[in-house]
Amino acid sequence: FSLIDMSLNNRQASAAEKIQKQDLRILLKLSPFIKPYKRIATIALIALIVTSLSFLLFGQGIKLFIDEGIYTLQNNQLIIIAIVLITLVIGTFFRFYFVSWIGERVSNDVRLAVFNHLLTLHPHYFEINRSGEINARLTTDTTLLQSIFGFSISMALSSVLLFLGGLVMMLITNLKLALIVLVTVPIILLPMAIYGRRLRALSRKSQDTVADIGTYAGEIVQNIKVVQSFTREPEESIAFKNEVEKAFSAAKRRIMQSSLLIAAAMILVFTGLGAMIWFGAKDVTNGDISAGELASFVFYAIMVARSVAVISEIYGQLQRAAGATERLLELLSEESQIQPPTQAIDLPDGSLSLNFNNVSFSYPSRPQEKALEEISFKVGEGETVAIVGLSGSGKTTIFELIQRFYDPSNGSIEVGDLDIMSLDPVNLRTNIGVVPQQPTLFSANVSHNISYGDPHANAEQIKSAAKEAFALDFIEKLPDGFDSYLGEQGVRLSGGQRQRIAIARAILKDPSILLLDEATSALDANSEQKVQEALKRLMQGRTTLIIAHRLATIMHADRILLIDNGRLVAEGTHQNLLASSKLYKRLCELQFNH
Ligand code: ADP
Ligand code: MG
């Protein structure tokens, strides 16, 4: 009955999987992940065969115990039985250890392969695939593989061995009884297997409701300040109670069904055992077989029945694993749309110019809409050019294209007079430093976040970068200085501080080309001045493109590009544009008056 419990409490099914029939052959495609551990797999296989054989032999020991009586057994018979038992114990240890080892190793290797592959994928992939789904593949799907390799396959193999061995031993022990059992066992097991499958569907539904609870609570916890500020705690509590009750009633349906199944199984098994013993006992009374033979026969019969049940249960697990494998392989075979050319050219050292030739571009998720249309401009070596335009006009998109997160649909972009399509994206990005509008920090300390610009930088270099970014003052006031933990995405810093960390990061990277996206709202007057100073220093001697929201920035620029609706509508100095462009004049009045 523990087996039934096991199958009912199996909670590995993820809410995402809805695959009904799966071709199990797909599991074979995971063989490259096992190949490196062939030796360990062989040891595990040998241990598995040895334990199955000793278990089969033990049935003969039962016969001896009963027929000869334990006190009259000869010494060598006792020794053999002891050896069989010791082999069983040692073999089980090795089998359990190595099989579980392979399960853990393989699932972690798959995790690593998936993560490494994710790192190479084009950003558009992450716009179509939700992060929750990707996470589920890295955790739930790989955990399913772990239980398959670390448990199910070995259980299935040993069950097949025990089934075949037990069957042979039954036939040898008593042909007539064996035939009776062979006819009745399927009659008992078949309805239970069908019923068990129905129960699994119920149990999956119950798991889905538990997953819903998690999603709901997660969202509330993330937005706790909104909940509290609107004093919606009582309503949220009631809504959550609804989710919990849904999960409970789904679980109630499931446990009712499984209790019934266990009771039915007990009736069937007791009836079957009773019938077997009744027929067998008759033969014992008639002297056709010995009591020991009957006992060992029952032992083998239970073994065979149990093996059948295990195999049918594991078949369901393998199907789910096949679903998980399919999803993982699909992710692993996803090709990045941003590919390096077969023969990449290296960018030269020193300053680099930047060139847009007739660039048009639509985001893959909005192919109808042109985010950029026939844009051409040039930024000479060491020059600073400002980009201005209404929100949504395409300014940030220009930065994305320069870093080759997307490829333009028309036209070309040149860096240092080389088409960026002829460069390795890694080489291109090493030469570009970006300070984004909303700087992204990692849940780590200050040093880690600054040295993201150059992982080889020493403490001295990190400190001087922080100083140049006007960040040293506030960093030294933090409780642990450069070792201060910044919280998830740097929540423990103000917007202006975060931005100065991002500037320090760019200073440390020391790139030839700078892309700056000015923050508008994050800064107060005091930190704005500091950030301005930091930026001014950073821009010196570098080719700089800066998305400007402040008049001060525009004044520093050599030239200004005015973008409207994805088009470059005007280009020139501040004075020029004021005189020639109505849009620019309006922008200045609306946005740059602080
Ligand atoms: P901004 O000038 O404010 O920086 P953007 O370059 O960010 O404007 O955006 C230009 C246009 O492209 C906007 O209409 C925006 O909605 C759209 N856009 C930006 N990012 C994406 C994306 N990843 N997928 C689809 N459309 C996008
Ligand atoms: Mg923007």
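Residues numbered from 1 in each chain as written. Chains lettered and ligands numbered in written order. Predicted model: local features only at pLDDT ≥ 70, side-chain atom pairs only at ≥ 80, totals over all residues. Heavy atoms only, no water.

1. Observations concerning the overall build of the protein chain
Counting its secondary structure elements, the protein chain contains 20 helices and 10 strands. Its C-alpha atoms give the protein chain a radius of gyration of 35 Å, more than 25% over the compact-globule value 25 Å for 594 residues. Principal-axis analysis of the C-alpha atoms places the extent of the protein chain at approximately 120 × 55 × 50 Å. Counting only residues that meet the buried cut, the protein chain has 45% of its 594 residues in that class. Residue pairs in contact within the protein chain that sit at least 24 positions apart in sequence constitute 79% of those at least 6 positions apart. (Helix = DSSP H or I, 4+ residues; strand = E, 2+ residues; numbered from the N terminus. Rg over C-alpha atoms; globule rule 2.2 N^0.38 Å. Buried < 20%, exposed > 50% of the residue type's maximum accessible area, 1.4 Å probe, protein only. Contact = heavy atoms within 4.5 Å.)

2. Considering helix α3 (residues 38–68)
Between its first and last C-alpha, α3 extends 45 Å over 31 residues, near the 45 Å set by a 1.5 Å rise per residue. Taken as a whole, α3 has its buried residues at I40, A44, A47, L48, T51, S52, S54, L56, G59, G61 and I62. Tucked inside the fold, the buried residues of α3 contact α4 (75–120), α6 (131–173) and α10 (291–333). Looking one or two residues past α3, G69 carries a phi angle of roughly 85°, positive in sign. (Expected span 1.5 Å × (residues − 1).)

3. A closer look at the nonpolar core
Within the largest apolar cluster, 45 residues are counted, with the highest numbers of intra-cluster contacts made by I450, I475, I503 and L538. At 7 residues, the largest contribution of residues to this core is made by helix α16 (residues 495–509). In terms of nonpolar packing, the next biggest core, distinct from the first, is built from 31 residues, L372, I375, V415 and L561 among them. (Core = buried A, V, L, I, M, F, W, Y, C linked by side-chain atoms within 4.5 Å.)

4. Concerning the site of ligand 1
Residues in close proximity to ligand 1 total 13 residues, the closest being E127, G392, K395, T396 and T397. At 2.9 Å, a side-chain N or O of E127 approaches a nitrogen atom of ligand 1. Within the backbone of G394, a nitrogen or oxygen atom sits 3.0 Å from an oxygen atom of ligand 1. With the chains in place, 71% of the 560 Å² that ligand 1 exposes on its own is no longer accessible. Residue contributions to the shell around ligand 1 peak at 3 residues, all from helix α11 (residues 395–402). Across the shell around ligand 1, the residue classes break down as 3 nonpolar, 7 polar and 3 charged. (Near = heavy atom within 4 Å. Polar contact = N/O pair within 3.5 Å; in protein donor to acceptor, adjacent residues only side chain to side chain. Areas by Shrake-Rupley, 256 points an atom, 1.4 Å probe, with all protein chains shown as cover. Nonpolar A, V, L, I, M, F, W, Y, C, P; charged D, E, K, R; others polar.)

5. Considering the layout of surface pockets
Over the atoms, a rolling probe the size of a water molecule traces out where space has been left empty. Its boundaries defined by the atoms lining it, the largest pocket holds a volume of some 1,800 Å³. Every element with two or more residues in the lining of the largest pocket is listed here: α4, α5 (123–128), α11, α12 (425–430), β6 (432–435) and α16. For the lining of the largest pocket, a count of residues per class yields 20 nonpolar, 11 polar and 7 charged. (1 Å grid on protein atoms, 1.4 Å probe; cavity = no way out; pocket = protein on both sides within 12 Å on 5 of 7 lines; lining within 4 Å. Points joined across faces, edges and corners; volume = space filled by probe spheres on them.)

6. Details of the side chain of D517
Along the chain, D517 turns up in strand β7 (residues 513–517). Other than its neighbours up to four places away in sequence, D517 contacts T396, F399, V435, P436, Q437, Q499, I547 and H549.

7. Details of the confidence of the model for the protein chain
For the protein chain, mean pLDDT is 86; residues scoring 70 or higher make up 95% of the total. Of all helices and strands in the protein chain, the one with the weakest mean pLDDT is helix α1 (residues 2–8) (45), whereas strand β1 (residues 354–361) scores best (96). Low pLDDT (under 50) marks residues 1–20, which in the prediction has 45 contacts with non-local residues, meaning those over four places away or in another chain. (pLDDT = per-residue confidence, 0-100.)

8. Structural notes on the sheet that holds strand β5 (residues 418–419)
The strand order β2-β1-β4-β5 describes an open sheet built from 4 strands, whose pairing is antiparallel. Each edge of the sheet is formed by a strand with only one pairing partner; in this case those strands are β2 (372–379) and β5. Relative to the sheet, α11 contacts β1, β2 and β4 (410–415), its axis offset from that of β1 by approximately 110°. (Pairing = 2+ DSSP bridges. Axes fitted to C-alpha atoms, helices over the stretch in contact; angles between N-to-C directions.)

9. Focus on the environment of L189
Along the polypeptide, L189 turns up in helix α7 (residues 175–222). Residues L189 and V308, spaced 119 residues apart in sequence, show a C-alpha to C-alpha distance of 8.1 Å. Setting aside residues no more than four positions away along its own chain, L189 makes contact with A305 and V308.

10. A closer look at α6
With 43 residues, α6 should reach 63 Å at 1.5 Å per residue; the first-to-last C-alpha distance of 59 Å fits that figure. At I148, α6 shows its strongest bend, of approximately 45°. (Bend = angle between axes of the 7 residues up to and from the residue.)

11. Thoughts on the pattern of salt bridges
Taken as a whole, this structure holds 12 salt bridges when the rule is applied. The partner of R232 in a salt bridge is E235, and the shortest N-O contact between them spans 3.7 Å. For E235, a relative accessible area of 39% corresponds to the partly exposed category. Across the salt bridge formed by E373 and R567, the nearest N and O atoms sit 3.3 Å from each other. Separated by 194 residues along the polypeptide, E373 in strand β2 and R567 in strand β10 (residues 567–572) bring together distant segments of the chain. Its relative accessible area of 24% is what places E373 among the partly exposed residues. The network of salt bridges with shared partners includes E383, R559 and E571. (Salt bridge = Lys/Arg side-chain N within 4 Å of Asp/Glu carboxyl O.)

12. Brief notes about the sheet that holds β7
Strand order across the open sheet formed by 6 strands is β6-β7-β8-β3-β9-β10, with mixed pairing between neighbours. A strand with exactly one partner marks an edge of an open sheet, and here the two such strands are β6 and β10. Between one strand axis and the next, the sheet turns by 20° as a mean value, whatever way the strands run. Pairing geometry for β7 and strand β8 (residues 543–547), over 5 bridges, is parallel. The residue bridging D517 from the neighbouring strand is I547, located in β8. Each of β6 and β7 is contacted by α16, which is oriented at about 175° to β6, the strand it contacts most. Along the sheet, helix α17 (residues 525–539) makes contact with β3 (384–389), β6, β7 and β8, crossing β7 at roughly 160°.

13. A look at unusual backbone geometry
One non-glycine residue, D417, adopts positive backbone phi at about 65°. When you line up the elements, D417 lands in the loop between β4 and β5. Of note, F470 is a non-glycine position whose phi angle comes to about 55°, a positive value. Of note, F470 is situated in the loop between α14 (459–468) and α15 (472–477).

14. Points about the environment of Q368
By secondary structure assignment, the location of Q368 is in the loop between β1 and β2. With 79 residues separating them along the chain, Q368 and I289 place their C-alpha atoms 84 Å apart.

15. Thoughts on a nonpolar patch on the surface
A cluster of nonpolar side chains, namely L45, I49, L53, I153, L157 and L161, defines an oily patch on the protein surface of about 470 Å² accessible area. Elements supplying a minimum of two residues to the nonpolar patch: α3 and α6. Tracing the chain through its elements places L161 in helix α6. Since its relative accessible area comes to 33%, L161 is described here as partly exposed. (Patch = residues over 30% accessible without salt bridge, like charges linked within 9 Å, V, L, I, M, F, W, Y side chains within 5 Å.)

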